[in-house]
Amino acid sequence: MKKGLKVLISLGCLFVIGLPVFAQPSSKSIETFVLDNFDNAGAQDYSYKGKKLSWDWSVQASRFVAEGYPKTGYFDGIPNSLKQLRRGDEGDSKVFGVKIAYNRKGDNWFEVFPSKDGKPYEIPFIGIVSQMDFWIWGANYDYYLEIMVRDANGTVHVLPAGNLNFQGWRNIVVNVPGWLVQKSLLRSGPENLRFVGFRIRSDAEEYVDNYMIYFDQIKYTSNSLAFIYDGYELKDADFGEDESSDGSVEEVND
């Protein structure tokens, strides 16, 4: 009985050893990408598909906004937690600020969004995004923050990012739901999830005559290899078509 068992084990080992060995590349590469640290206005260090992308930041507000508002600007500053990462270079650090006022209380809102050549510009994410991470300076008002993203089918979704009734800098992390479509099979549509902008809403009973907010270091976590496959580079091969049909970043913006 024992002899027969030894024979079976030996045969099993020979069978396993005889199997061909194939390399199994990992399909996951979790990386963090910085969209903007606001230190270089209009000259962000962000690359997408081998191209350097840059943009400005614009603001639009609901109809009861007071005359002369919103006001925007870049200011010297950095959250204390980020100073440790700059290793003494925080003197060149900037943050982006918005000041706004309304003529009456109610459902007031304003949006902070990337722009290019005076038009809204949607920033493409790389890979499958799992989280967004950014720093917000709150004025301790009862306002609410939302993130707007456009999925790979062209639909804009609003992700709640919490209440802004805190004072000073706070790091906010928002999970991107798995049901969002981040890859489309359509060759003519958006290839990835895109960042549309932030929306800030006031509580109906909150003061609205003097509100400020600041932003710093917007980044996200992504599986950057999610769309990479053997022969990936061939999908953008030039067949002599017009440049307008190459699925460029600018083309998919509304």
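Residues numbered from 1 in each chain as written. Predicted model: local features only at pLDDT ≥ 70, side-chain atom pairs only at ≥ 80, totals over all residues. Heavy atoms only, no water.

Q: Looking at this model, I keep getting lost on the overall build of the chain. Mind explaining?
A: The secondary structure content of the chain amounts to two helices and 15 strands. Taking contacts inside the chain between residues at least 6 apart in sequence as the whole, the part at least 24 apart equals 76%. Carbon and sulfur atoms make up 52% of the accessible area of the chain, which amounts to about 15000 Å² in all. (Helix = DSSP H or I, 4+ residues; strand = E, 2+ residues; numbered from the N terminus. Contact = heavy atoms within 4.5 Å. Areas by Shrake-Rupley, 256 points an atom, 1.4 Å probe, with all protein chains shown as cover.)

Q: Please explain unusual backbone geometry as it appears in this structure.
A: Negative phi is the rule for most residues except glycine; trans is the rule for most peptide bonds. Omega for the bond connecting Y69 with P70 falls within 30 degrees of zero, at 0 degrees, which places this linkage in the cis form. With respect to the helices and strands, the residue P70 is situated in the loop between β4 (56–61) and β5 (71–76). The phi torsion at F38 lies on the positive side, around 65 degrees, for a residue other than glycine. Secondary-structure assignment places F38 in the loop between β1 (30–36) and β2 (46–48). The class of F38 is buried, set by a relative accessible area of 2%. Positioned with a positive phi, N140 is a non-glycine residue whose angle comes to about 65 degrees. (Buried < 20%, exposed > 50% of the residue type's maximum accessible area, 1.4 Å probe, protein only.)

Q: Please explain the environment of I136 as it appears in this structure.
A: As for its placement among the helices and strands, I136 is situated in strand β10 (residues 128–139). For the pair I136 and Q167, spaced 31 residues apart in sequence, the C-alpha to C-alpha distance is 9.7 Å. Not counting chain neighbours up to four residues away, the residues in contact with I136 comprise L145, L164, F166, G168, W169, R170, I172, I213, Y214 and F215.

Q: Before we go on, may I ask you to explain the side chain of E146 in this structure?
A: Structurally, E146 can be placed in strand β11 (residues 143–150). Leaving out residues up to four positions away in the same chain, E146 has contacts with V158, L159, A161, G197, F198, R199 and R201.

Q: Just to check I follow, could you spell out the pairing of strand β14 (residues 194–202) for this structure?
A: Both faces of the sheet carry side chains from a regular strand, because those side chains alternate between them. With eight of nine residues buried, β14 is to be regarded as a mostly interior element. By the bridge criterion, two bridges tie strand β9 (residues 123–124) to β14 in an arrangement that is antiparallel. Residue P124 lies in a different strand from β14, and its bridge partner there is R194. Note: β11 against β14, eight bridges, orientation antiparallel. Paired with E146 across the strands is R199, a residue of β14. (Pairing = 2+ DSSP bridges.)

Q: Quick question: what am I supposed to make of the pattern of salt bridges here?
A: Between side chains of opposite charge, a pair can form when the charged atoms approach closely. Scanning all chains against the criterion turns up eight salt bridges. A salt bridge links D76 to K94; the shortest N-O distance between them is 2.4 Å. Here D76, found in strand β5, pairs with K94, found in strand β6 (residues 94–100); they are 18 residues apart in sequence, far enough to count as distant. By relative accessible area, which is 28% here, K94 ends up partly exposed. Note that R201 is salt-bridged to D107, the shortest N-O span being 3.1 Å. With R201 in strand β14 and D107 in the loop between β6 and β7 (109–116), this pair connects stretches of sequence that are 94 residues apart. The class of R201 is partly exposed, set by a relative accessible area of 23%. One salt-bridge network, in which partners are shared between bridges, spans D107, E111, E146, R199 and R201. (Salt bridge = Lys/Arg side-chain N within 4 Å of Asp/Glu carboxyl O.)

Q: Help me out: how do you make sense of the packing of aromatic side chains in this one?
A: Between two aromatic rings, the relevant description is the distance of the centres plus the angle of the planes. According to the stated counting rule, one finds 18 aromatic pairs in the structure shown. Ring centres of W55 and Y121 lie 6.4 Å apart, and the angle between their planes is 25 degrees; on these two criteria the pair is classed as stacked. Here Y121 lies in the loop between β8 (119–120) and β9 and W55 lies in the loop between β3 (51–53) and β4, a separation of 66 residues in the sequence. Residue W55 is classed as buried on the basis of its relative accessible area of 2%. (Phe/Tyr/Trp six-rings, centres within 6.5 Å; stacked < 30°, edge-to-face > 60°.)

Q: How should I be thinking about the side chain of E206 in this particular structure?
A: The topology assignment puts E206 in the loop between β14 and β15 (211–223). Put simply, E206 is tucked away with no salt bridge, and the nearest opposite charge, on K105, sits 6.5 Å away. Polar side-chain contacts of E206 include one of 2.7 Å to the backbone nitrogen of D142. Not counting residues within four places of it along the chain, the set of residues in contact with E206 comprises K105, Y141, D142 and Y143. (Lys, Arg positive; Asp, Glu negative; His and termini not counted. Polar contact = N/O pair within 3.5 Å; in protein donor to acceptor, adjacent residues only side chain to side chain.)

Q: I would appreciate a short explanation of the nonpolar core in the present structure.
A: The biggest cluster of nonpolar side chains holds 46 residues, and the ones touching the most others in it are F134 and I200. In this structure, F134 is in contact with L145, I147, A161, R170, N171, I172, V174, F198, D216, Q217 and I218, ignoring residues within four places of it in sequence. (Core = buried A, V, L, I, M, F, W, Y, C linked by side-chain atoms within 4.5 Å.)

None of this, on its own, says anything about what the molecule does.
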